[in-house]
Amino acid sequence: MGYSVKVENLSVVFGTDEQKKEALKLIEEGHSQAEIKDMIGATVANKEISFEINENELFVIVGLSGSGKSTFIRTLNLLNIPTAGKIIVDGKDITTFNKEELRAYRRNDVSMIFQHFGLFSHRSVIANVEYPLEIQGIEKKKRHEKAMEAIERVGLAGWEDYLPKELSGGMRQRVGLARALTNDPKLMLMDEPYSALDPLIRRDMQNELLALEDDIERTIVFITHDMNEAFRMGDRIALMKDGEVVQIGTPDVFFDSPANDYVRDFIADVDKSRILKVRKCHEKGFPWTDHRVDRP
Ligand SMILES: Nc1ncnc2c1ncn2[C@@H]1O[C@H](COP(=O)(O)OP(=O)(O)OP(=O)(O)O)[C@@H](O)[C@H]1O
Ligand SMILES: [Mg+2]
């Protein structure tokens, strides 16, 4: 079962300790991100965010550049420390974790995929995919088996001994995905993983993630600035603006009752027919085999 995530009144402020304290006071008094920036120079990247992500949900966060998406997802594994608020993952407030608990959480429970996967260039595909298991101290044979499973899952069987530089961009993304899968995380955090891909490969990867989500029970938080991608992928979507969440809901909720003009504008260009199509395929179990990767 994938983990649930409950965020309560989360604010993340970038600045000195003094600025953070001051910013929290100003937030409470109802000042906006821009006002606080003007008044004291601190950046309120996330402002009083509260919502819940359900077990096994594919939850998408969308918003313009600078709206606070990366800050939010990085806070879910404490790469950013909340200035205020709680983050309850699977019933435990991770902001209270000590060093040991945090290390265990990062190793065993959660994995993060960044926009550029940061593969080790001198390591083969399989050595990259094995890495999370290596730092868990898992013995070689078991490690190898698990890594091969993940490699097969993303359609890269036969490529395990190649170096990242011998792979196309899309294939490298798959290696990153395989690596994020090896420790069998209950919570997978993906920060704009597909934004560098060309449209065809991107659609493949989207479909694969949907199939993967059907296959294994896990919770996925997926960030994008592309509303079409958001609506194609998400069970529910949160739209962020200026560090705050403007609206949360299923695609239907956004279409049927947009919260305000900002939301209306944001979804104006979404191709509704295409979204419904993909979601239908997903419900039917989209064929996992539709990879546009040439096998060696
Ligand atoms: N480490 C940091 N120190 C100071 N300010 C930061 C830091 N990280 C982010 N910010 C600021 O917080 C705000 C939100 O940034 P964030 O990276 O979360 O946005 P984003 O929605 O992910 O944008 P993008 O779509 O461009 O990736 C921005 O104003 C940014 O300058
Ligand atoms: Mg970002």
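This structure is a prediction, so every number in the text was calculated from the model and none was measured.

A.B. asks: Help me out: how do you make sense of the overall build of the chain in this one?
C.D. replies: A tally of regular secondary structure across the chain gives 12 helices and 10 strands. For 296 residues, the compact-globule estimate of 2.2 N^0.38 gives 19 Å, and the chain sits close to it at 20 Å. Over its C-alpha atoms, taken along the principal directions, the chain stretches across nearly 60 × 50 × 35 Å. Counting every position in the chain, which comprises 296 residues, the buried fraction comes to 49%. Contacts in the chain between residues far apart in sequence, at least 24 positions, make up 72% of those at least 6 positions apart. Within the structure as shown, the chain displays about 14100 Å² of accessible surface, and the carbon and sulfur contribution to it stands at 47%. Averaging the positions of the 41 positive and the 50 negative side-chain charges in the chain gives two centres separated by 3 Å.

A.B. asks: Explain the pattern of salt bridges to me, please; I cannot follow it from the model alone.
C.D. replies: Side chains carrying opposite charge are able to pair once their charged atoms draw close together. Per the stated rule, a full pass over the model turns up 14 salt bridges. Across the pair Arg-202 and Asp-226 runs a salt bridge whose closest N-O atoms are separated by 3.3 Å. A residue pair is termed long-range when its members are at least 10 positions apart, and Arg-202 in helix H8 (residues 199–215) and Asp-226 in the loop between strand E8 (219–224) and helix H9 (227–233) qualify at 24 residues. Assessed through its relative accessible area of 15%, Arg-202 is described here as buried. For Asp-226, a relative accessible area of 23% translates into the label partly exposed. Where Lys-241 meets Asp-242, a salt bridge forms, and the shortest distance between an N and an O atom there is 3.1 Å.

A.B. asks: What am I meant to see in the packing of aromatic side chains here?
C.D. replies: What characterises a pair of aromatic rings is the spacing of the ring centres plus the angle enclosed by the ring planes. All told, the structure shown has nine aromatic pairs when counted by the stated rule. Joined through ring pairs, the aromatic side chains of Phe-51, Phe-59 and Phe-72 make up one cluster. Looking at Lys-241, its charged tip hangs above the ring of Tyr-262, at a distance of 5.1 Å from the centre.

A.B. asks: Help me understand the environment of Ala-104 in this model?
C.D. replies: Mapped onto the elements, Ala-104 comes out in helix H4 (residues 99–109). Looking at Ala-104, the relative accessible area reads 34%, which means it is partly exposed. When the C-alpha positions of Ala-104 and Ala-268 are compared, they lie 43 Å apart, and in sequence the two are 164 residues distant.

A.B. asks: How should I be thinking about the sheet that holds strand E10 (residues 244–249) in this particular structure?
C.D. replies: Sheet strands associate in pairs through backbone hydrogen bonding, adopting either a parallel or an antiparallel arrangement. Spatial ordering of the open sheet is given by E6-E7-E8-E3-E9-E10, a layout of six strands whose pairing is mixed. Bordering the open sheet on either side are strand E6 (110–113) and E10, each of which pairs with just one other strand. Ignoring strand direction, the axes of neighbouring strands in this sheet form an average angle of 15°. Pairing of strand E9 (residues 236–241) with E10 involves five bridges; the strand directions are antiparallel. Opposite Ala-238, over in E10, you have Ile-248 as the bridge partner. Of the strands in this sheet, E6 and strand E7 (187–191) are in contact with H4, which crosses E6 at around 70°.

What counts, and at which threshold
Residues numbered from 1 in each chain as written. Chains lettered and ligands numbered in written order. Predicted model: local features only at pLDDT ≥ 70, side-chain atom pairs only at ≥ 80, totals over all residues. Heavy atoms only, no water. Helix = DSSP H or I, 4+ residues; strand = E, 2+ residues; numbered from the N terminus. Rg over C-alpha atoms; globule rule 2.2 N^0.38 Å. Buried < 20%, exposed > 50% of the residue type's maximum accessible area, 1.4 Å probe, protein only. Contact = heavy atoms within 4.5 Å. Areas by Shrake-Rupley, 256 points an atom, 1.4 Å probe, with all protein chains shown as cover. Lys, Arg positive; Asp, Glu negative; His and termini not counted. Charge placed at Lys NZ, Arg CZ, Asp CG, Glu CD. Salt bridge = Lys/Arg side-chain N within 4 Å of Asp/Glu carboxyl O. Phe/Tyr/Trp six-rings, centres within 6.5 Å; stacked < 30°, edge-to-face > 60°. Lys NZ or Arg CZ within 6 Å of the ring centre and 35° of its normal. Pairing = 2+ DSSP bridges. Axes fitted to C-alpha atoms, helices over the stretch in contact; angles between N-to-C directions.

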